[in-house]
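Below are the chains, spelled out letter by letter.
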Amino acid sequence: MNSNKPFSGKSETTLDLICMANVEPTEVAWLWKDRIPMGRITVLSGRPGCGKTFLTMFLAATVTRGGDWPDGRGTAPQGSVLILNAEDDPNDTLSPRLFAANADMQKVHLLKGVTVKQKDGNSSQLAVDLTNVDKIQEAIRQLEDCRLCVIDPIGSYLGHNVDSHRDNEVRSVLTPLGNLANELEVAVLMVCHNRKAASDFADDSVLGSRGFTGIARAAWHLYSDQNDPSKSRKLLLPGKNNLAENQFGLAFRIEKSEIGTPILRWEDGDVQQSADDYVAAKPTDRKKRGPEPSKRVECMRWLAQQLAAGPVEAKTIEIRASEAGYTWKTVRNAYQCLGVQSIKASGPNGSWSWRLPTVEDELASEHDVSCPSIEE
């Protein structure tokens, strides 16, 4: 077992060195050729309502049938699918969409929690999260032929004490998940929300720490096509991919099926666009104000770094900003773009501190956050 504890003087240690001459090269196994690898973590990100659940249910259905992938790159390895879903109702959302996608319902399993039976005969229900990843491992082993595990959204399964913006904390819970995927040869698909603030690169738009996309071997971004008047056309565009050559995107629409349930229908051909291309071309409705965009983006990155380790007093930010050469107006604009939250210490003389938004903040907020002054 890995440990972060320092070595004591009395400990006996043995270095775990691996000679690469003894490592046998192997080919990457794929759930979806060049798009979703087996035994690895893949990220799927997008804003609420962009079709992420439709897509994950399509993927699940295709795996249960061993069906063909829409880009013509072979068929899915047939098997069972494990789903952890904290937002969608299984009766009126997940089940109808799986059925419309022609899933083998016997091969799809939803992990809702763990029942603990006490000695007195009473029982209680406990939630499953990545701090007890062994329960997810146990569920996958019970399915025997599990090929895909969907965690939707990943932010709901980090555990109460894990800060989604702290890279070391995110990686501490995702690393065991990655080890599980590799050991059991199952594809793990983490569904992530996008932050509201604009980003220069698509992978940076994933809400929370960069550890989410950092530990994943592939990232896919789902957008509504801004050029489609009906808004029914969705774009699945590639972000990073460490295991295959650069891929083109795909497009689909959400339409009514013969039984009346909305269904995902793929369009023919590739979309000659990456997620970064989409981000660069996407228009913004923010009014131009303050410093030039390049300076504002630079300040946003600086402010995010200042708050990465946790809350910082607003007065301290003001001092550091002056030392870094940023005007307070530029910092206020960066504050708003990042959706930074202000928190006041208890007591009549409590000071204000700033912190990066949590997943819950982003989902609960339906309007831009204003930037309070230092004196507030």
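Structural data are supplied above this passage.
These notes cover the structure that comes with them. (Residues numbered from 1 in each chain as written. Predicted model: local features only at pLDDT ≥ 70, side-chain atom pairs only at ≥ 80, totals over all residues. Heavy atoms only, no water.)

Right, let's get into the overall build of the protein chain. Along its length, the protein chain carries 10 helices and 16 strands. The contacts in the protein chain between residues at least 6 apart in sequence include a share of 64% that link residues at least 24 apart. When the accessible surface of the protein chain is totalled, it reaches about 20,800 Å², and 47% of it is carbon and sulfur. (Helix = DSSP H or I, 4+ residues; strand = E, 2+ residues; numbered from the N terminus. Contact = heavy atoms within 4.5 Å. Areas by Shrake-Rupley, 256 points an atom, 1.4 Å probe, with all protein chains shown as cover.)

Core analysis: the largest hydrophobic core is formed by 36 residues, its most contacted members being Leu31, Leu44, Leu55, Leu59, Trp69, Leu148 and Trp266. Looking at this core, the element that brings in the most residues is helix α1 (residues 52–65), giving 8 residues. Dropping the residues within four chain positions of it, Leu59 is found in contact with Trp32, Ile36, Trp69, Leu148 and Leu189. (Core = buried A, V, L, I, M, F, W, Y, C linked by side-chain atoms within 4.5 Å. Buried < 20%, exposed > 50% of the residue type's maximum accessible area, 1.4 Å probe, protein only.)

Below, the discussion takes up the pattern of salt bridges. Following the criterion strictly, the structure yields 17 salt bridges and no others. Across the pair Asp167 and Arg171 runs a salt bridge, and its minimum N-O distance is 2.8 Å. Taken together, the residues Asp167 and Arg171, both in helix α4 (residues 167–184) and 4 residues apart, mark about one turn of the helix. The class of Asp167 is partly exposed, set by a relative accessible area of 33%. A salt bridge links Arg265 to Glu255; the shortest N-O distance between them is 3.3 Å. With Arg265 in strand β13 (residues 262–266) and Glu255 in strand β12 (residues 250–256), this residue pair connects regions lying 10 residues apart in the sequence. For Glu255, a relative accessible area of 35% puts it in the partly exposed group. Taken together, the shared-partner salt bridges connect Lys33, Asp34, Arg35, Asp71, Arg73 and Asp270 into one network. (Salt bridge = Lys/Arg side-chain N within 4 Å of Asp/Glu carboxyl O.)

By the secondary structure assignment, Leu84 is in strand β4 (residues 80–85). Among the residues examined, Leu84 registers a relative accessible area of 0% and is labelled buried. In this structure Leu84 touches Leu111, Val128, Ile136, Cys149, Val150, Ile151, Asp152 and Tyr157, once residues within four positions along its chain are discounted.

Here we take up the packing of α1 against helix α2 (residues 90–100). Where α1 meets α2, the axes come as close as 9 Å, and the angle between the chain directions of the two elements is 50 degrees. In terms of axis orientation, α1 runs oblique to α2. Viewed along their axes, α1 and α2 form a crossing whose handedness is right-handed. Across the interface between the two elements, Thr53, Phe54, Met57, Ala60 and Ala61 of α1 pack against Thr93, Leu94, Arg97 and Leu98 of α2. (Axes fitted to C-alpha atoms, helices over the stretch in contact; angles between N-to-C directions. Parallel < 35°, antiparallel > 145°, perpendicular 65-115°, else oblique. Left-handed = near helix turned anticlockwise from the far one by under 90°.)

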